[in-house]
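# Per-entry structural report
Listed below, chain by chain, are the residues.
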Amino acid sequence: ISACLVGSEMCIRDRGKDGSNIWISVELLHGDLKQLKEEYPHMILGNIAHARKMGFPEVIFPGDVRNDLYVTLVQGEFSRTSGKSSDKNIEVIVSVCNEQGEVMKEVITQGGGAPHTSEYHSVIYYHEDRPKWNETFKINVPIEDFIRCHLKFMFKHRSSNESKDKNEKPFAMAFVKLQQDNGTTLQQDRHSLVVYKIDYKKYDEKNQFNYYTLPSRSFELLATPKPSATGFTLLNKDSFTIEINLCSTKLTQDVDLLGLLKWSANVDRLEESLTQLLRVSPEEIVKFLQDILDALFDILVQNNDPLRYDDLVFQCLLLLIEIVSDKKYQHFQSVLDLYINESFSSTLAYDKLINVLERHFLNAFNSIESEPRNSFMIETDRPSERKLYKTTKNLQYIMKFIIR
């Protein structure tokens, strides 16, 4: 495909000086990186930075594992220190810590091609007690460590005097856990965090992690209005807001979907988990299509009560097939085909699927024969006929699974 933008230009002006500006020439090239290096060797030199979209692509193929957490420092409001005539110069220092309070090394990056660091330092606004940062950075934490980590925000006054600045310590902090109590990941939304003053008379290395038991988000103060921990005091008038954007093919923010993906840990709630999947949004289902299919076939083969669970699993399979057959998500049909041809490995599932199919057809035909027919009734108005229609409509993919 030929270049979409050729020789377009944009101007960035310096508001501090009249007439000063920077001109940038932009050219957009289409194609994969290998192809572009061959066609435009004079333009693509050295190491190329790869920046992924801050969201999911139109199609997520099996094997495309991603676990990117984008954090935006939105704004803060900090009360003035007593006796001071001016506001602080506030810097936010962000780190990712595990459940022992240890900082995770080199998991933060400011963008594609930027080096990974252990801390993120915000821009500092001069004498501003209500800074609006709107700064975004990315966190890459291994999936197995993600659930045990939290974000730690330290607020520090930066003095214009170099000698004073060296002695400045963070005056307050905030934090938030990456996994919620129900097992889901921190919701994709804005979060107002609780700010705690650090009391260095009581604070030391031994109790520096005491904050982990405190409420971290503002709404949690309703249950604990006066939280306390050694070295940390609630600042009622201060606030801090962040925004979360999670792009993960392994971690979900939907509690109903989580129940199915973690079904082996809660076998006694298996029926409930399967039923809840039927009401999960299609947008969330297509993101985790392969993991959901793996879970459904594991349940189908491993459960000890076929009459109780097999039909529910079959309904969930029909739901998945219907979603990818919908015009809005039809580009995921190629993902389902790829899964069947390359990833599907449940060799004993065919027997269960045949049994469920046979049961579905026999029950449907028996019901049709026994139910009195109303001449004004549409062919698929009766429950038995609706079930038969739904099964036969999606029979193509069911047969593909059986044959495979």
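Throughout what follows, the structure given in this document is the object of discussion. In this text the structure is predicted, and so the values were computed from the model without any measurement.

Before going further, it helps to spend a moment on the pairing of strand β10 (residues 190–193). The two faces of β10 differ: His-191 and Leu-193 on one face are buried, but Arg-190 and Ser-192 on the other face are not. Here β10 pairs with strand β14 (residues 239–248) via four bridges, running antiparallel. Bridged to Ser-192 within β14 is Thr-241.

Turning our attention to the pairing of strand β9 (residues 172–177). Most of β9 is tucked away: five of the six residues are buried. Alignment of strand β8 (residues 150–157) against β9, held across six bridges, turns out to be antiparallel. Across the sheet, the residue bridging to Phe-153 is Ala-174, located in β9. Across two bridges, β9 lies against strand β11 (residues 196–198) in antiparallel orientation. Bridging across to β11, Ala-172 finds its partner in Lys-197.

Moving on: the state of the cysteines. Here the structure, examined in full by the defined rule, presents zero disulfides. Cys-97 forms no disulfide, and the closest cysteine sulfur to it belongs to Cys-149, at a distance of 8.2 Å.

It is worth spelling out the nonpolar core at this point. Grouped together as the largest cluster of nonpolar side chains are 50 residues, with contacts concentrated most on Leu-274, Leu-277, Ile-292, Leu-293, Leu-296, Phe-297 and Phe-401. Secondary structure elements with two or more residues in this core: α4 (255–261), α5 (270–277), α6 (282–287), α7 (289–302), α8 (306–325), α9 (333–343), α10 (349–370) and α12 (395–403). Considering each element in turn, this core owes the most residues, 12 residues, to α8. Beyond its immediate sequence surroundings of up to four residues, Phe-401 is in contact with Leu-293, Phe-297, Leu-336, Tyr-339, Ile-340, Phe-344 and Leu-353.

What counts and what doesn't
- Sequence order as written defines residue numbering, which begins from 1 separately in each chain.
- Only residues with pLDDT of at least 70 get local features here, since the model is predicted, and only at 80 or more are side-chain atom pairs given and counted; chain-wide, interface and lining totals rely on the full set of residues.
- Think of the side-chain values as coming from all heavy atoms in the structure, minus any hydrogens and water.
- Here the term buried applies to any residue with accessible area under 20% of the maximum for its type, exposed to any over 50%, and partly exposed to those in between, with areas from a 1.4 Å probe on protein chains only.
- In DSSP terms, a helix is any run of H or I states spanning at least four residues, a strand is any run of E spanning at least two, and both are numbered starting from the N terminus.
- DSSP-based pairing: two strands are paired if at least 2 bridges between them are found.
- Cysteine sulfur atoms that pair up within 2.5 Å are treated as a disulfide.
- In this description, a nonpolar core means a group of buried Ala, Val, Leu, Ile, Met, Phe, Trp, Tyr and Cys residues linked to one another through side-chain atoms lying within 4.5 Å.
- The contact definition used throughout considers only heavy atoms, calling two residues in contact when any of these lie within 4.5 Å.

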